[in-house]
Amino acid sequence: MKKFVNDPKDYVPEMLEGLALANPDSLRYVPEFNLIMRSDAPDADKVALVQGSGSGHEPAHAMSVGKGMLNAACPGDVFSAPPTDYVYETVRLVASPKGVLLLVNNYTGDRMAFEMAQELSEADGVRVRTLFIDDDVSVQDSTYTVGRRGVAGNFFVMKACGAAAERGADLDEVCRIGEKVNSVTRTMGMALTACTPPAKGSPLFDLPDDEVEMGVGIHGEPGRRREKLAPARDIVAELVTAVADDLPFASGDRVALMVNGLGGTPIGELYLVYGLAHRQLADRGIAVGRSYVGEYCTSLDMAGCSITLVRLDDEITGLLEDPASTAIRVF
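The numbers attached to residues start from 1 for each chain and follow its sequence in the written order. The predicted origin of the model limits local features to residues at a pLDDT of at least 70 and limits the giving and counting of side-chain atom pairs to 80 or more, whereas totals for whole chains, interfaces and linings rest on all residues. Each side-chain value is derived from all of the structure's non-hydrogen atoms; neither hydrogens nor water enter the calculation.

This part takes up empty space enclosed by the protein. Cavities and pockets were defined on a 1 Å grid built over protein atoms only: a cavity is a set of grid points that admits a 1.4 Å probe from which the probe cannot escape, a pocket is an open set flanked by protein on both sides within 12 Å along at least five of seven lines, and lining residues are those with an atom within 4 Å of any such point. Grid points are joined across faces, edges and corners, and a volume is the space filled by probe spheres set on the points. Within the structure shown, the criterion is met by 2 cavities of 30 Å³ or more. In this classification, the charged set is Asp, Glu, Lys and Arg, the nonpolar set is Ala, Val, Leu, Ile, Met, Phe, Trp, Tyr, Cys and Pro, and all remaining amino acids, among them Gly, are polar. Residues of the lining of the largest cavity, tallied by class, amount to 7 nonpolar, 5 polar and 1 charged. A volume near 40 Å³ is recorded for the second largest cavity. Lining the second largest cavity, in full, are Gln-51, Gly-52, Ser-53, Gly-54, Ser-55, Glu-58, Ala-60, His-61, Ala-62, Ala-73, Cys-74 and Pro-75.

Here it is, written out as structure tokens:
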């Protein structure tokens, strides 16, 4: 498998360095702790938001650092949680008198690293809260986690919390908003191909050309089952049914609909999936109020997609529509 890589162990630092060099006015790279932070951090007037996880999911999370989103991200190596001391040092660098909220995708290694960093930070007198994101409906437990996984729905938690923080909300309020958004967000993904980590140099798992993995995790974890490749309308129907029936979403609901690419799917195919999902939701009486199509939380070069629904109300809609965000991603 051909990739742009020098030494695989330098893949993440070189990526982060390039990210900072491309955005010198807004981002700062701290190589000793492998973190990206806003150049204007710390900000004493707002709650600081920090997220991290293994790398390989870009643009999550390092590319979501900026006004209206994260204050910092501390990614680990590809598909590996960041070390506790990296998270602790990130908190220390962005700590605000208004507190720090750690947004953590629900994976065992990430939970351990962030919970230990919270304890260390609190011992230093920093107010810290931790919010676990678990929007994946595919499986209850998997290779990397106990309980549901955090996947592309993390974007909506980041966006809503970031908007609230920019408005000056206190730590309890920002955390309440994040918990609320997480509670009405559901996602399920599927893979057409496996992904290839730089250090491995070959596909992470074997997926025959005529099969797909329904409910795959963003680290290549097994999903619900493997099945034969089917027409797009049938694949989308299975994803929509799994997501919509889980909350459950009901006729009369207004939702945000995200079709997220996993890294190797052409944008045209993602819009095809979006159109099918939109029509299938309409058949259920579910109205789409906000639309998101693109790559938000990937799995390196995996071909496939995920579908996310967020039940909207006036509060969540206002936060998602907030124009303050100037993070690198275009929302």
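So much for the structure itself; the text now carries on.
Take unusual backbone geometry next. Residue Glu-58 is joined to Pro-59 through a cis peptide bond whose omega torsion reads 20°. Among the secondary structure elements, Pro-59 is positioned in the loop between strand E3 (48-52) and strand E4 (72-73). A cis amide bond links Leu-247 to the next residue, Pro-248, at an omega of -5°. Runs of E in the DSSP output that reach at least two residues are strands. Runs of H or I that reach at least four are helices, and both are numbered from the N terminus. One can find Pro-248 in the loop between helix H6 (232-244) and strand E10 (254-261). Even without being a glycine, Asn-34 presents a positive backbone phi close to 55°.

Read from one edge to the other, the open sheet built from 6 strands follows the order E1-E2-E4-E3-E5-E6, with strand pairing classed as mixed. The open sheet has two free edges, formed respectively by strand E1 (27-30) and strand E6 (128-133), since each of these has just one partner strand. As paired elements, E3 and E4 share 2 bridges and run parallel to each other. Within E4, the position partnered with Gln-51 by the bridge is Ala-73. We call two residues in contact whenever any of their non-hydrogen atoms come within 4.5 Å of each other. Helix axes use the C-alpha atoms of the stretch in contact, all axes being lines fitted to C-alpha atoms, and the angles between their N-to-C directions lie in the range 0 to 180 degrees. Against the sheet, helix H1 (residues 11-22) contacts E1 and strand E2 (35-38), and its axis sits at roughly 150° relative to E1. Together, E3, strand E5 (100-105) and E6 form the strand contacts of helix H3 (residues 108-123), whose direction differs from that of E6 by roughly 170°. For two strands to count as paired, DSSP must find a minimum of two bridges between them.

Here we come to helix H2 (residues 84-94). Within H2, 8 of the 11 residues are buried, which leaves it mostly tucked inside the rest of the structure. Burial classes follow relative accessibility: with a 1.4 Å probe on protein chains only, a residue under 20% of its type's maximum area counts as buried, one over 50% as exposed, and anything between as partly exposed. Those residues of H2 not exposed but buried are Thr-84, Val-87, Tyr-88, Glu-89, Thr-90, Val-91, Leu-93 and Val-94.

Here the nonpolar core consists of buried residues drawn from Ala, Val, Leu, Ile, Met, Phe, Trp, Tyr and Cys, with membership extended through side-chain atoms lying within 4.5 Å. Judged by nonpolar contacts, the single largest core of 61 residues is most densely connected at Ile-36, Leu-101, Leu-103, Phe-156, Val-174 and Tyr-292. For this core, the secondary structure elements donating two or more residues are H1, E1, E5, E6, helix H4 (154-166), helix H5 (171-183), E10 and helix H8 (314-320). Once you skip the residues sitting within four places of it in the chain, Val-174 turns out to touch Val-47, Leu-49, Leu-101, Cys-161, Ala-164, Ala-165 and Ala-169. Met-188, Leu-257, Leu-270 and Ile-307 belong to the second largest nonpolar core, which has 28 residues in total.

There is about 190 Å³ of room inside the largest pocket. Leu-192, Ala-232, Ile-235, Glu-269 and Val-273 are the residues nearest the centre of the largest pocket, which is lined by 14 residues in total. Every element with two or more residues in the lining of the largest pocket is listed here: H6, helix H7 (267-283) and strand E12 (304-311). No other element matches the 4 residues that H7 contributes to the lining of the largest pocket.

What follows concerns the sheet that holds strand E7 (residues 185-191). With mixed pairing, 6 strands are arranged side by side in an open sheet as E9-E8-E7-E12-E10-E11. Each having just a single partner strand, strand E9 (225-228) and strand E11 (287-294) make up the two edges of the open sheet. Sheet twist, expressed as the mean angle between neighbouring strand axes with direction ignored, is 20°.

The next thing to look at is the environment of Gly-68. Along the chain, Gly-68 turns up in the loop between E3 and E4. Relative accessible area serves as the criterion here: at 1%, Gly-68 is assigned to the buried category. Taking the C-alpha atoms as reference points, Gly-68 and Ala-164, 96 residues apart in sequence, are found 8.3 Å from one another.

Further remarks concern the packing of aromatic side chains. Only Phe, Tyr and Trp rings are paired, with Trp represented by its six-membered ring, and only when their centres lie within 6.5 Å; those with planes under 30 degrees apart are stacked, over 60 edge-to-face, the remainder tilted. Under the definition given, this model contains 6 aromatic pairs. Ring centres 5.0 Å apart and planes at 90° place the aromatic pair Phe-156 and Tyr-292 in the edge-to-face group. Here Phe-156 is found in helix H4, whereas its partner Tyr-292 is found in strand E11, with 136 residues between them in sequence. Residue classification places Phe-156 among the buried residues on the basis of a relative accessible area of 0%. The buried category is assigned to Tyr-292, whose relative accessible area is 3%. Ring pairs connect the aromatic residues Phe-155, Phe-156, Tyr-292 and Tyr-296, which therefore count as one cluster. Any Lys NZ or Arg CZ that is within 6 Å of a ring centre and within 35 degrees of that ring's normal is treated as a charge sitting over the ring. Between the NZ or CZ atom of Arg-111 and the centre of the ring of Phe-132, over which it lies, the distance is 3.7 Å.

Right, let's get into the packing of H4 against H5. Where H4 meets H5, the closest approach of the two axes is 9 Å, and the angle between their N-to-C directions is 155°. On the basis of the axis angle, H4 is roughly antiparallel to H5. Along this stretch, H4 crosses H5, giving a crossing that reads as right-handed. Taken together, the residues of H5 that come into contact with H4 (itself represented by Phe-156, Val-157, Ala-160, Cys-161, Ala-164 and Ala-165) are Val-174, Ile-177, Gly-178, Val-181 and Asn-182. Partitioning the contact of H4 with H5 into residue classes produces 9 nonpolar, 2 polar and no charged. By definition in this entry, angles of less than 35 degrees are roughly parallel, angles greater than 145 are roughly antiparallel, angles of 65 to 115 are roughly perpendicular, and the rest are oblique. Should the near helix be turned counterclockwise from the far one by less than a right angle, the crossing is left-handed, whereas a clockwise turn marks it as right-handed.

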